[in-house]
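Chain and residue survey
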Amino acid sequence: MITAYPKAVKRTLLACSLTALGVQAQALELMANDTTKLDLTVEGVAGTFHSEENYATAGSKSEGSSSWQEGYLKYGFALEQELGAGRLFGALNALSGGTWGDGDAAGFSNGDERETDVEDAYLGWRSGDLFPALGKDGVAVSAGRQAIILGDGFLIAGDALNFGEGIAGGLLDRGGAYYLAARQAFDKTAVLSLGGDSGWRGDAMWIESDNPAQVEASMKVGNLEHVGENGTLGLSYIKVDDVEEDLAFLYPQRDGQETWSLRYQGSAGVENLFLSGEYAWQDQDQGNEDAWYVEAGWTFADAPWQPSVNYRYSRFSEGFDPMFYGNGRTLGTWFQGEVAANYAGPFNTNAKVHNVAVHAAPRENLAVGLLAYDFTTLDKGAGGNLDAREFDLFLEWGVTPNLAIIPLVGLYQPDASAAEGGTQLGNDDGNLYTQLILAFGF
């Protein structure tokens, strides 16, 4: 399903954790009557990070460790207005964010980033009960600056790549908060959605990015889905119409690229079973590329803490363009490995990945998770040797309905140092990685 979010949703560790714990940003009502609702919304996130090892990924780090801090505050207004036919909705938000300290372990940021800018600015209309054959809100249109996610984020999960001044001489700087991915809205969007919450539905949209790290690509997106009790089957098409010529060297294959994907997610009618899979095929000027995954999980609903265990295998061909991927449903969805996905690589191309995820909930407001990864590089001649293993242990604690604390400890073990074709600078020792995130909203 393509979702245009009324508030730009954080599709990294933050939003996934808050959603799981039921912690939501409860807006402060400024006006509420039979036809109009105007809310003040505030969302804040701060994180402190330490990595025992640095990585050569951005080319700006040297051997050693890094400690840094990131934070952002998003603030603004959300509007809903009942009309004689349907209702209007919209939002206007600004975002202030930055990075302090050493900058991240890959060198994408250097700790000097600070920026305040408009994040969300969009207006839309939903049909309500105007077209009963299409279901509740069976027609929806929106336009403006907003975050969008397709499926579970395998290809599109907002415009969330937030490089800083540490790479390309600052050419790709987007204001810092690299890990928190504070800025997620696409610069320009136009979205038409037909269909309700079940049965056949579809979306057509035009999206334009102003993110230099994504070559400021503009795209056409089509999506057709069938939503049923046993799962959702979806077919999507993405055509890149244009890129910024001065930045095209970052993704020389992207201009004119076409991507088709077929996906399924659901239970197949079996209680406590989770199944998910997607196959994406790309037509590029230099040839065809593909990526796919299969995942299965089981929740032990009658056991203490209701633990769940999931296994996933994913494969990304040597020249696959990972597009605007992100965490669409939980930590580790498509940022696979806190160290690997953010600093060391691989970055959802030229790799195959085994992943085991275990989650449990000792209390209603407390969850614990363990993620294990095994990374293998497909073509080491072209992409270096990024073979590695990673284990991430984390807690998600909803302290209050408006406050969450999320500590994480990771152990990353590469097969090769940077001198041997990997990215870890100075050695191939295990890297003990820690982070602590504090998030609030109202």
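Heads up: these notes are all about the structure in this document. Since this is a predicted model, take the numbers as computed values, not measurements.

Conventions adopted
Residues numbered from 1 in each chain as written. Predicted model: local features only at pLDDT ≥ 70, side-chain atom pairs only at ≥ 80, totals over all residues. Heavy atoms only, no water. Helix = DSSP H or I, 4+ residues; strand = E, 2+ residues; numbered from the N terminus. Buried < 20%, exposed > 50% of the residue type's maximum accessible area, 1.4 Å probe, protein only. Salt bridge = Lys/Arg side-chain N within 4 Å of Asp/Glu carboxyl O. Phe/Tyr/Trp six-rings, centres within 6.5 Å; stacked < 30°, edge-to-face > 60°. Polar contact = N/O pair within 3.5 Å; in protein donor to acceptor, adjacent residues only side chain to side chain. Contact = heavy atoms within 4.5 Å. Core = buried A, V, L, I, M, F, W, Y, C linked by side-chain atoms within 4.5 Å. Patch = residues over 30% accessible without salt bridge, like charges linked within 9 Å, V, L, I, M, F, W, Y side chains within 5 Å. Areas by Shrake-Rupley, 256 points an atom, 1.4 Å probe, with all protein chains shown as cover. Lys, Arg positive; Asp, Glu negative; His and termini not counted. Charge placed at Lys NZ, Arg CZ, Asp CG, Glu CD. Pairing = 2+ DSSP bridges.

**Re unusual backbone geometry**
Most peptide bonds adopt trans geometry, and most residues besides glycine take a negative phi value. Cis geometry is found at the peptide bond from Gly 345 to Pro 346, where omega equals 10°. With respect to the helices and strands, the residue Pro 346 is situated in the loop between α2 (338-344) and β18 (351-363). The residue Asp 137 is not glycine, and still its phi comes out positive at about 50°. Within the fold, Asp 137 resides in the loop between β6 (114-126) and β7 (139-146). The exposure class assigned to Asp 137 is buried, which follows from its relative accessible area of 18%.

**Focus on the pattern of salt bridges**
Considering all chains together, one arrives at 21 salt bridges under this definition. Lys 37 is paired through a salt bridge with Asp 39; the nearest N and O atoms lie 3.8 Å apart. We classify Lys 37 as partly exposed; its relative accessible area is 34%. With a closest N to O distance of 3.5 Å, Lys 74 and Asp 120 form a salt bridge. In this pair, Lys 74 sits in strand β4 (residues 66-82) while Asp 120 sits in strand β6, placing the two residues 46 residues apart along the sequence. Like Asp 120, Lys 74 is buried. Here the salt bridges share partners, and the residues they tie into one network are Arg 145, Asp 159, Arg 174, Asp 187 and Asp 210.

**Digging into the packing of aromatic side chains**
If you walk through the whole model with that rule in mind, you get 22 aromatic pairs. Aromatic side chains Tyr 55 and Tyr 412 sit 5.9 Å apart centroid to centroid with 80° between the ring planes, which places their arrangement in the edge-to-face category. With Tyr 55 in the loop between β3 (36-51) and β4 and Tyr 412 in strand β21 (residues 403-414), this residue pair connects regions lying 357 residues apart in the sequence. Side by side, Tyr 55 and Tyr 412 carry an identical accessibility label, which is buried. Ring centres 5.3 Å apart and planes at 50° place the aromatic pair Tyr 237 and Trp 260 in the tilted group. Taken together, the residues Tyr 237 in strand β13 (residues 231-242) and Trp 260 in strand β14 (residues 258-266) connect sequence positions 23 residues apart.

**Considering the side chain of Asn 431**
Tracing the backbone through its elements, the reader meets Asn 431 in strand β22 (residues 431-441). On the accessibility criterion, Asn 431 (0% relative accessible area) is buried. At a separation of 3.0 Å, a polar atom in the side chain of Asn 431 contacts the side chain of Ser 51. If we skip the residues at most four places from it in the chain, Asn 431 touches Ser 51, Glu 52, Glu 53, Tyr 55, Val 339, Gly 410, Leu 411, Tyr 412 and Gln 424.

**Some points on the nonpolar core**
Within the largest apolar cluster, 65 residues are counted, with the highest numbers of intra-cluster contacts made by Phe 154, Leu 155, Leu 180, Met 219, Ile 238, Tyr 343 and Tyr 433. Examining the composition of this core, we find that 5 residues originate from one element, α2, more than from any other.

**What to know about a negative patch on the surface**
Together, Asp 242, Glu 244, Glu 245, Asp 246, Asp 255 and Asp 285 make up a region of like negative charge exposed at the surface. The topology assignment puts Asp 242 in strand β13. Here Asp 242 falls in the partly exposed class, since its relative accessible area comes to 41%.

**Concerning the pairing of β21**
On any regular strand, side chains alternate: one points to one face of the sheet, the next to the other face. Taking every second residue as pointing to the same face, the buried face of β21 carries Ala 404, Ile 406, Leu 408, Gly 410, Tyr 412 and Pro 414, while none of Leu 403, Ile 405, Pro 407, Val 409, Leu 411 and Gln 413 on the other face is buried. Where strand β20 (residues 388-400) and β21 come together, 10 bridges link them in antiparallel fashion. Each bridged residue has a counterpart across the sheet, and for Trp 397 the counterpart in β21 is Ile 405. Where β20 folds back onto β21 in an antiparallel hairpin, the turn is made up of 2 residues. The pairing of β21 with β22 spans 10 bridges and is classified as antiparallel. Its bridge partner lying in β22, Ile 405 is registered against Leu 438.

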